[in-house]
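Chains, contacts and geometry: an overview
Now for the letters of each chain:
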Amino acid sequence: MRFADLLQPDAVKVPLEAATRDDAIRELVGVLVESGSIPAIEAEALTEAVLAREQQRSTGIGEGLAVPHAKSQGIRAIAMAAGTLRAPVDFQSIDRQPVRLVCMIVAPPDRIADHIQALARVSRLFSSEHARRSAFNATSADALRAVFMAADPVAAA
């Protein structure tokens with residue numbers, strides 16, 4: 001699974017304006033709608049699903065990264081939205097550090113393996129201090145998306 005397949009160019013926002021975890025989630029759902037990644041009619045149900053998932057256990061995985069995610073009936077294909085926050089936000093992360101980068105992954109209920117693979121791919125990418133620093137320092141959506149695209153394997157010529 002390649003980031004180019006998950007993260008549409010219009011599904012990246014730098015900076016996110018949110019000042020709270022819940023607002024960051026709402027803002028990224030809006031980004032998914034605006035990018036055409038999910039139908040507008042699904043925005044409320046998806047927001048509720050992601051917030052419910054967040055109540056079970058924080059998706060703040062540490063090192064300034066949060067990966068809120070959910071599966072929802074109205075979603076037709078796995079999709080991702082990402083953004084850096086204007087100011088760090090408390091996601092109740094496992095390392096108790098505020099979040100600076102949020103990557104939201106949404107999927108239909110029948111795409112469990114793809115959902116897990118996408119979560120793992122984001123975690124692997126940002127386990128690199130260089131990738132995290134590049135993402136945190138991105139000053140535009142294009143620059144942030146380039147961090148993801150750099151992780152995609154180069155197609156054989």
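Above: the structure in question.
Keep in mind the model is a prediction, meaning the values are calculated, not measured. (Residues numbered from 1 in each chain as written. Predicted model: local features only at pLDDT ≥ 70, side-chain atom pairs only at ≥ 80, totals over all residues. Heavy atoms only, no water.)

**Focus on the pattern of salt bridges**
- Counted according to the given criterion, the structure contains eight salt bridges.
- Across the pair Arg 21 and Asp 22 runs a salt bridge, and its minimum N-O distance is 3.0 Å.
- Given a relative accessible area of 25%, Asp 22 falls into the partly exposed group. (Salt bridge = Lys/Arg side-chain N within 4 Å of Asp/Glu carboxyl O. Buried < 20%, exposed > 50% of the residue type's maximum accessible area, 1.4 Å probe, protein only.)

**What to know about the layout of surface pockets**
- Estimated volume of the largest pocket: approximately 160 Å³.
- Those elements that provide at least two residues to the lining of the largest pocket are β2 (60-62) and α4 (112-125).
- Within the lining of the largest pocket, the residues separate by chemical class into four nonpolar, five polar and two charged. (1 Å grid on protein atoms, 1.4 Å probe; cavity = no way out; pocket = protein on both sides within 12 Å on 5 of 7 lines; lining within 4 Å. Points joined across faces, edges and corners; volume = space filled by probe spheres on them. Helix = DSSP H or I, 4+ residues; strand = E, 2+ residues; numbered from the N terminus. Nonpolar A, V, L, I, M, F, W, Y, C, P; charged D, E, K, R; others polar.)

**Quick notes on unusual backbone geometry**
- Cis geometry is found at the peptide bond from Val 14 to Pro 15, where omega equals -5°.
- Relative to the elements of secondary structure, Pro 15 occurs in strand β1 (residues 12-16).
- A positive phi is found at Gln 92, a non-glycine position, where the angle reads about 55°.
- Structurally, Gln 92 can be placed in the loop between β5 (79-89) and β6 (99-107).

**Points about α4**
- With 14 residues, α4 extends 20 Å between its outermost C-alpha atoms, agreeing within 8% with the 20 Å of an ideal straight helix rising 1.5 Å per residue.
- Every buried residue belonging to α4 is among His 115, Ala 118, Leu 119, Arg 121, Val 122 and Leu 125, and all of these are buried. Along α4, the residues classed as buried sweep out an arc of 160° about the axis, all on the same side. Those residues of α4 that are exposed and aimed more than 90 degrees away from the buried face are Ala 113, Ile 116 and Arg 124. (Expected span 1.5 Å × (residues − 1). Arc of directions from axis to C-beta.)

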